[in-house]
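The chain contents come next:
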Amino acid sequence: MKTLTHLSFVLLVFLFAACGAPPADQVAETPVVGNPPAPGFNLEGSDDKAMQIADKVMTAMGGRANWDNTRYLFWDFFGFRTLLWDKQTGDVRIEFKNEDKKIIVNEKTGQGTVWIDGQVQEQPDTLAKYLEQGKRIWINDSYWLVMPFKLKDSGVTLTYIGEDTTASGEKSDVVRLAFEGVGVTPNNAYDVWVSQQEDLVKQWAFYRDEADSVPGFTRPWDDYVPMGNIKLSAERGARDLESVQVLTQVPNGIFESFDVTL
């Protein structure tokens, strides 16, 4: 897995800030006990075994408290674009690699700034168009990175499918995620293979429609690496996510101005 060498100066600048107790704005306001479902999770429609497996996955990934307190995530989405996400405020910075376009959008409010060909976009329709594009990109790209933390997310129904082995031969429990009223493609469904030995998601299959009998793709989800206080995986088969980082500090103004860089 590749690392962000250009972020090394950030860690040095904030070395002393990392000592002692964490700043108040980096700690979840209300610590949770266990792994309760998000509001809107289909508790009645989900079966107990699938939910128990989801809780084991959360524990194996570092635990709910550590996930809630994780602040900044950075990753390169298959060489197309980079994303920096402030998980606590909802701010997302997207920089495209093959075109002169940058988007800062808050995934909770939809507000933000767009830069195209060196110009900040101020025309309302253009701004709205690209902010919506940015939010859709964040929904897609973040799922490719942190899906195992979202098994009990809003709009999700969990169903236990049974035992199976992954393509690499790892004995697993298979859980299906179906969705209702969330995301940009709510008819999608996923099957995830959870290792019976490690309690980690090791493979996933994507269905364009829950009724489909054949998945659109099946890919590995493996090579977990401890980052901060959680674990993340970047292996997705033929192409991997790159430059995955968990950060505790970023430069001031990084979500306000494109003149500020990592």
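Report follows, based on the coordinates. Source: prediction; values computed, not measured.

### Considering the sheet that holds strand 9 (residues 189–195)
Strand order in the open sheet formed by five strands is 7-8-9-10-11, and the pairing between neighbours is antiparallel. One side of each edge strand has no neighbouring strand; the edge strands of this open sheet are strand 7 (156–165) and strand 11 (217–220). Each strand of the sheet is rotated relative to its neighbour by a mean of 20°, with strand direction disregarded. Summarising the sheet, strand 7 and strand 8 (residues 171–179) pair through nine bridges and their orientation is antiparallel.

### Let's talk about empty space enclosed by the protein
Within the structure shown, the criterion is met by one cavity of 30 Å³ or more. One number sums up the size of the largest cavity: a volume of about 40 Å³. If you go around the largest cavity, the residues you meet are Phe-74, Thr-82, Leu-83, Leu-84, Arg-93, Glu-95 and Leu-262. Among the elements of the structure, strand 2 (81–86) and strand 3 (91–96) are those that each provide at least two residues to the lining of the largest cavity. Each residue belonging to the lining of the largest cavity can be placed in one class, and the counts come to four nonpolar, one polar and two charged.

### Some thoughts on the sheet that holds strand 6 (residues 119–120)
Taking strand neighbours across the sheet as the criterion, the seven strands line up as 6-5-4-3-2-1-14 in an open arrangement whose pairing is antiparallel. One side of each edge strand has no neighbouring strand; the edge strands of this open sheet are strand 6 and strand 14 (242–247). Judged from the five bridges that link them, strand 3 and strand 4 (residues 101–106) form a sheet pairing that is antiparallel. Across the sheet, residue Val-92 finds its bridge partner in strand 4, namely Val-105.

How each quantity is defined
- Residues numbered from 1 in each chain as written.
- Predicted model: local features only at pLDDT ≥ 70, side-chain atom pairs only at ≥ 80, totals over all residues.
- Heavy atoms only, no water.
- Pairing = 2+ DSSP bridges.
- Helix = DSSP H or I, 4+ residues; strand = E, 2+ residues; numbered from the N terminus.
- Axes fitted to C-alpha atoms, helices over the stretch in contact; angles between N-to-C directions.
- 1 Å grid on protein atoms, 1.4 Å probe; cavity = no way out; pocket = protein on both sides within 12 Å on 5 of 7 lines; lining within 4 Å.
- Points joined across faces, edges and corners; volume = space filled by probe spheres on them.
- Nonpolar A, V, L, I, M, F, W, Y, C, P; charged D, E, K, R; others polar.

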